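Structure at a glance
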Amino acid sequence: MNKSIISIALTLMVLGACSPRQLKWVAIGDSITYLNEYRDETGNRVSKGYLTRVAEERPDIKYVNKGYNGWTSGGIADHIDSLGLESADIFSVFLGTNDWWRGRPIGSLDDYKNKSENNTIFGSYRIIIDKLRTLNKDAQIILIAPMQRVDFVYLNNMKNNAYGSYKEKEGQSLADVADAIVAIARYEKCDFVDLFHDSGMTLDNLVKYKRLKDPATGNYRNYTYPDFIEVPFDPETDDYPYPVDAIGMTYDGLHPSDEGYEVIAKMLLDVMRKP
């Protein structure tokens with residue numbers, strides 16, 4: 001073997017030794033995760049989601065997006081064996097906001113401990129986490145508690161709208177859902193990201209204002225939170241209530257803006273496993 005071949009071989013060995021081990025991250029979630037790959041569905045109001053932002057900061061991580069528009073933890077649990085999930089070094093589970101809006105019962109930690117059926121959020125999470133552990137018992141599992149939300153109006157269909165987490169749905173608050181997910185993480189000694197309480201994304205900064213017709217005059221006004229709560233909105237006749245300059249931590253009251261996604265990415269990076 002000549003000297004040049006030996007030199008090349010040694011160089012490749014050194015580079016290989018210095019390169020960080022590649023980690024695989026499977027991100028399970030709803031539309032907040034899904035939109036990372038479908039930014040056109042945000043009206044291009046978002047330039048990149050939280051998965052892309054994490055991967056840019058951590059080139060040793062390769063992500064797989066398993067986000068599903070509108071899904072609940074119950075939907076994920078019900079289809080857990082048909083989602084094509086593969087072994088990974090890191091799993092994140094970012095669900096809960098759709099469970100709350102659909103009024104799914106939260107249940108109790110006993111539902112989780114006793115492996116109850118897929119009838120409560122606690123029960124659903126047990127099914128999900130059990131599945132992830134069968135794929136890789138040594139994987140890092142990160143549970144992400146949902147962020148707060150104000151009045152959501154879908155950019156592409158204004159008839160699809162929902163009030164915010166400033167009031168209960170079916171007798172449950174979104175804070176209760178977030179607390180349940182954190183309780184599961186603590187019970188399982190999993191890492192978690194509590195967007196509801198710790199992210200700084202709050203009801204008064206999710207949007208800068210909501211543009212609505214003043215009931216007294218019929219003229220449009222920019223209402224800040226909480227003044228817009230009782231002002232009616234008619235999706236049949238009114239303009240879209242969140243023009244571009246109303247974007248805050250979200251672009252539509254629910255889905256994160258670039259600023260919101262940056263917050264989520266930074267909080268995830270703080271807890272993600274290093275190579």
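For the structure itself, look to the data block above.
Presented here is an overview of the structure given in this document. Just so it is clear, the model here is predicted, and its values are computed rather than measured.

Further remarks concern the overall build of the protein chain. A tally of helices and strands in the protein chain yields 10 helices and 9 strands. Judged by the C-alpha coordinates and their principal axes, the protein chain covers about 90 × 50 × 30 Å. Considering only contacts within the protein chain whose residues lie at least 6 apart along the sequence, 71% involve residues at least 24 apart. Put simply, the protein chain shows about 12,900 Å² of open surface, and 49% of that area lies on carbon and sulfur atoms. Between the centroid of the 32 positive side chains of the protein chain and the centroid of its 40 negative side chains there is a distance of 6 Å.

For the pair helix α7 (residues 121-135) and helix α8 (residues 174-188), the least separation of the axes is 11 Å and the interaxial angle reads 40°. Compared by their axis directions, α7 and α8 come out oblique. Read as a crossing pair, α7 and α8 show a hand that is right-handed. Facing α7, whose interface residues are I121, F122, Y125, I129 and R133, α8 presents V177, A180, I181, I184 and E188. For the contact of α7 with α8, a count of residues per class yields 8 nonpolar, no polar and 2 charged.

On to unusual backbone geometry, then. Trans peptide bonds make up the majority, and among non-glycine residues the majority have a negative phi. Residue P226 follows Y225 across a cis peptide bond; omega there is 5°. One can find P226 in the loop between β9 (220-223) and α10 (258-271). The phi dihedral of N44 falls on the positive side, at around 60°, and the residue is not glycine. Its location among the elements puts N44 in the loop between α2 (31-34) and α3 (50-57). Look at N44 and you get exposed, because its relative accessible area is 59%. The backbone of E170 shows a phi angle near 55°, a positive value even though the residue is not glycine. Its location among the elements puts E170 in the loop between β6 (161-162) and α8.

With that out of the way, let us pick up the pairing of strand β1 (residues 23-29). Of all the 7 residues making up β1, 6 are buried; the element is thus mostly covered by neighbouring parts of the structure. Two elements, β1 and strand β2 (residues 61-67), share 7 bridges in a ladder whose sense is parallel. Within β2, the residue paired with W25 across the bridge is Y63. Strand direction decides the pairing type here: β1 and strand β3 (residues 90-94), joined by 5 bridges, are parallel. Across the sheet, residue W25 finds its bridge partner in β3, namely I90.

Scanning the entire structure with this criterion turns up 14 aromatic pairs. With centroids separated by 6.2 Å and ring planes inclined at 80°, the aromatic side chains of W100 and Y163 adopt a geometry described as edge-to-face. Of this pair, W100 sits in helix α5 (residues 97-101) while Y163 sits in the loop between β6 and α8; the two residues are 63 residues apart in sequence, bridging distant segments of the chain. Look at Y240 and Y242: their rings are 6.1 Å apart centre to centre, the planes differ by 80°, and that puts the pair in the edge-to-face class. The burial state of Y240 is the same as that of Y242; both residues are buried. Ring pairing ties together the aromatic residues W25, Y50, Y63, F94 and Y261, which thus form one cluster. Over the ring of Y112 we find R126; its NZ or CZ atom is 5.1 Å from the centre of that ring. Looking at K167, its charged tip hangs above the ring of Y163, at a distance of 4.2 Å from the centre.

What follows is about the nonpolar core. Ranked by size, the top nonpolar core spans 45 residues in total, and within it W25, Y50, L195, M201, I264 and L268 carry the most contacts. Considering every element that reaches this core, the biggest residue donor is α10, with 7 residues. Each residue touching W25, except ones within four places of it in the same chain, is listed here: Y50, L51, V54, I61, K62, Y63, V64, I90, S92, L268 and M272. The next biggest cluster of nonpolar side chains, apart from the first, holds 36 residues, and it includes V26, V93, I128 and A185.

It is worth spelling out the packing of α3 against α10 at this point. When two helices pack together, their arrangement is captured by the angle between the axes and the distance separating the axes. Where α3 meets α10, the closest approach of the two axes is 8 Å, and the angle between their N-to-C directions is 50°. Here α3 lies oblique to α10, going by the angle between them. Crossing of α3 against α10: the hand is right-handed. Judged by residue contacts, Y50, R53, V54 and E57 of α3 engage D258, Y261, E262, I264, A265, L268 and L269 from α10. Of the residues assigned to the contact of α3 with α10, the class counts are 7 nonpolar, no polar and 4 charged.

Reading guide: rules and limits
Residues numbered from 1 in each chain as written. Predicted model: local features only at pLDDT ≥ 70, side-chain atom pairs only at ≥ 80, totals over all residues. Heavy atoms only, no water. Helix = DSSP H or I, 4+ residues; strand = E, 2+ residues; numbered from the N terminus. Contact = heavy atoms within 4.5 Å. Areas by Shrake-Rupley, 256 points an atom, 1.4 Å probe, with all protein chains shown as cover. Lys, Arg positive; Asp, Glu negative; His and termini not counted. Charge placed at Lys NZ, Arg CZ, Asp CG, Glu CD. Axes fitted to C-alpha atoms, helices over the stretch in contact; angles between N-to-C directions. Parallel < 35°, antiparallel > 145°, perpendicular 65-115°, else oblique. Left-handed = near helix turned anticlockwise from the far one by under 90°. Nonpolar A, V, L, I, M, F, W, Y, C, P; charged D, E, K, R; others polar. Buried < 20%, exposed > 50% of the residue type's maximum accessible area, 1.4 Å probe, protein only. Pairing = 2+ DSSP bridges. Phe/Tyr/Trp six-rings, centres within 6.5 Å; stacked < 30°, edge-to-face > 60°. Lys NZ or Arg CZ within 6 Å of the ring centre and 35° of its normal. Core = buried A, V, L, I, M, F, W, Y, C linked by side-chain atoms within 4.5 Å.

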